Amino acid sequence: MTDWWFLTLIVLVLIALLLRLAMSQTHAAGRLPGLGPVLAVGAGVFGSVAPAGGKRGRQRTEPATEGQAQADRPRAAVVVNPTKFDGNNTDKPRAEIEEVCRTHGWADPLWLETTEDDPGYGQTKQALAEGVDLVCALGGDGTVRIVGSALVGSGVPMGLLSGGTGNLLARNLSLPVTSLSQGMTVALTGESSPIDTGSLRLRRPLHADEEDTPPPVDADDLDEVPPVPGRGEGEVEDHVFLVMAGLGFDAEVMANAPEKLKKQMGWAAYLVSGVQRLRGPQFKVEVQADDDTRMHRRVRSVMVGNVGKLTGGLNLVPQARADDGILDLVLLSPEGLVGWGAVVTRLVTRSSRGHQRVDYFTAKTVEVVAGSPVEIQLDGDTLGRATAMSVTVNPGSLLVRLPRD
């Protein structure tokens, strides 16, 4: 079928659902509204937060002099994914970041590059052990998630330096995504504001194959963990996400986009993968949200979000906030092109026209048990296949640098 309406439908669906499409509009940097009361609570939980440009209890606004000892200045760590730069050459971004640090009176940053074996968790723990005042994540959504996972509950703030195509957390917080210098400036001079995170436990299929996936976190490092999900004998893993967890269609698209095509075409590779899976089968799920919502459904995708803004300027969950202390659960159940059309109508117009193919719920704890193993993703990282997941919100557990008013 080659009608224009059909082609347009495919594009709209993929824009609304794929977590890796490039943002079509540039958001001006701004502070997340409504964080004042939560910031006060976060300060009580985590202790006093570092003021802009200095260590706790000290503020420095003038550029450092040449004779000033590096040890006397506040210091940031930068955990960088070198694969986001041509030839894995990080010399240029490193020089740019060091210049911004000197301008604002900070010492040269501790520079830590991720590896294939450790995508950022160990590097972040190393930075904390060395007593830095700030840890910045320079990479894509996966790097941000891993660094944030290691910082949860530490009281040390995270700066977001966008280096990928999605940059979803930065977009949801209205942080700079097109300028490394601007992002670093906000990280050094901004204020530390608490946001929520999600702790997730997934159950692998029994006898699951070894897969090249991001490593789990140590549950002992987390204050709150959800219950063990589902039934069975498969291995259980603990993870943390900052943006969204998804079972089904969105994870399938990310997992099956060819690596070679992604390098050649960027985000457009996900269009190819998505078109191939529009007619994929639904799967059965049992869902329990908190203690009072239980349901059995056939779905194409289940997503649990901490924030709601996707790429393309669309909001999957317009009412979602990073600091509201709740999770937003979305069930997508399209059947054929008519069903996908209803999904697009709900997402684009925010109306209830068409078939009821999109369901929204809010909860603090969610458990999803699938009838068969399905693909799972966290903040755009594909984690292979799972048979169940349980998620709990951790209110105000991560400090993020946001612009001052």
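Numbers given to residues run from 1 along each chain, matching the order in which its sequence is written. Whole-chain, interface and lining totals are the exception, using all residues; otherwise, since this is a predicted model, local features are given only for residues with pLDDT of at least 70 and side-chain atom pairs are given and counted only at 80 or more. For the side-chain quantities, the full set of heavy atoms in the structure was used; hydrogens and water were omitted.

## Considerations on the overall build of the chain
Let me state the cut-off plainly: Runs of E in the DSSP output that reach at least two residues are strands. Runs of H or I that reach at least four are helices, and both are numbered from the N terminus. Only protein chains enter the calculation, and the probe is 1.4 Å; a residue is then buried if its accessible area is under 20% of its type maximum, exposed if over 50%, and partly exposed in between. A contact between two residues is defined here by any heavy atoms of the two lying within 4.5 Å.
Looking only at helices and strands, one finds 11 helices and 14 strands in the chain. Burial status across the chain gives 56% buried among its 405 residues. For the chain, the share of sequence-separated contacts (at least 6 apart) that also reach a separation of at least 24 residues comes to 74%.

## Considerations on the pairing of strand S9 (residues 293-299)
The condition is simple: Here, a strand pair is defined by DSSP locating no fewer than two bridges between the strands.
Pairing analysis gives seven bridges linking strand S8 (residues 283-289) to S9, with the strands arranged antiparallel. Across the sheet, Lys284 pairs through a bridge with Arg298, a residue of S9. In sequence, S8 turns back onto S9 through a hairpin of three residues, with Asp290 there showing a positive phi of about 55 degrees.

## Observations regarding the pattern of salt bridges
Opposite charge on two side chains lets them pair, provided their charged atoms get close. We count it as follows: Salt bridges, as used here, are contacts in which a Lys or Arg side-chain nitrogen is within 4 Å of a carboxyl oxygen on Asp or Glu.
In the structure shown here, the tally under the stated rule is 11 salt bridges. Glu237 is paired through a salt bridge with Arg204; the nearest N and O atoms lie 3.2 Å apart. Placement of the pair is Glu237 in strand S6 (residues 236-241) and Arg204 in the loop between strand S5 (191-203) and S6, with a sequence separation of 33 residues. No difference in accessibility class separates Glu237 from Arg204, as the two residues are buried. One salt bridge in this structure joins Arg321 and Asp323, with 3.3 Å as the shortest N-O distance. The exposure class of Arg321 is partly exposed, given its relative accessible area of 30%. Here the salt bridges share partners, and the residues they tie into one network are Arg94, Glu98, Glu99, Arg102 and Asp108.

## Some points on the environment of Thr90
Along the chain, Thr90 falls in the loop between strand S1 (76-80) and helix H3 (91-103). Since its relative accessible area comes to 6%, Thr90 is described here as buried. Distance from Thr90 to Glu113, taken between C-alpha atoms, is 9.2 Å for residues 23 residues apart in sequence. With sequence-adjacent residues up to four places away left out, Thr90 is seen in contact with Val80, Pro82, Phe85, Trp111 and Glu113.

## Quick look at the nonpolar core
As a reminder of what qualifies: Think of a nonpolar core as a cluster: buried Ala, Val, Leu, Ile, Met, Phe, Trp, Tyr and Cys residues, connected wherever their side-chain atoms sit within 4.5 Å.
Counting 49 residues, the largest nonpolar core has Val135, Met158, Leu160, Leu169, Leu173, Leu242 and Val400 as the members making the most contacts within it. Per element, the largest residue contribution to this core is five residues, and it comes from helix H5 (residues 141-151). Excluding residues within four positions of it along the chain, Val135 makes contact with Ala77, Val79, Thr124, Ala127, Val147, Leu151, Val156, Pro157, Met158 and Gly159. Residues Leu200, Leu329, Val374 and Leu378 belong to the second largest nonpolar core, which totals 28 residues.

## A short note on unusual backbone geometry
With a phi angle near 55 degrees, Ser174 is a residue other than glycine that sits in the positive phi range. Position of Ser174 relative to the elements: it lies in the loop between helix H6 (168-172) and helix H7 (180-189). The backbone of Asp379 sits at a positive phi, close to 50 degrees, despite the residue not being glycine. Examined against the element boundaries, Asp379 turns out to sit in the loop between strand S13 (365-378) and strand S14 (381-402).

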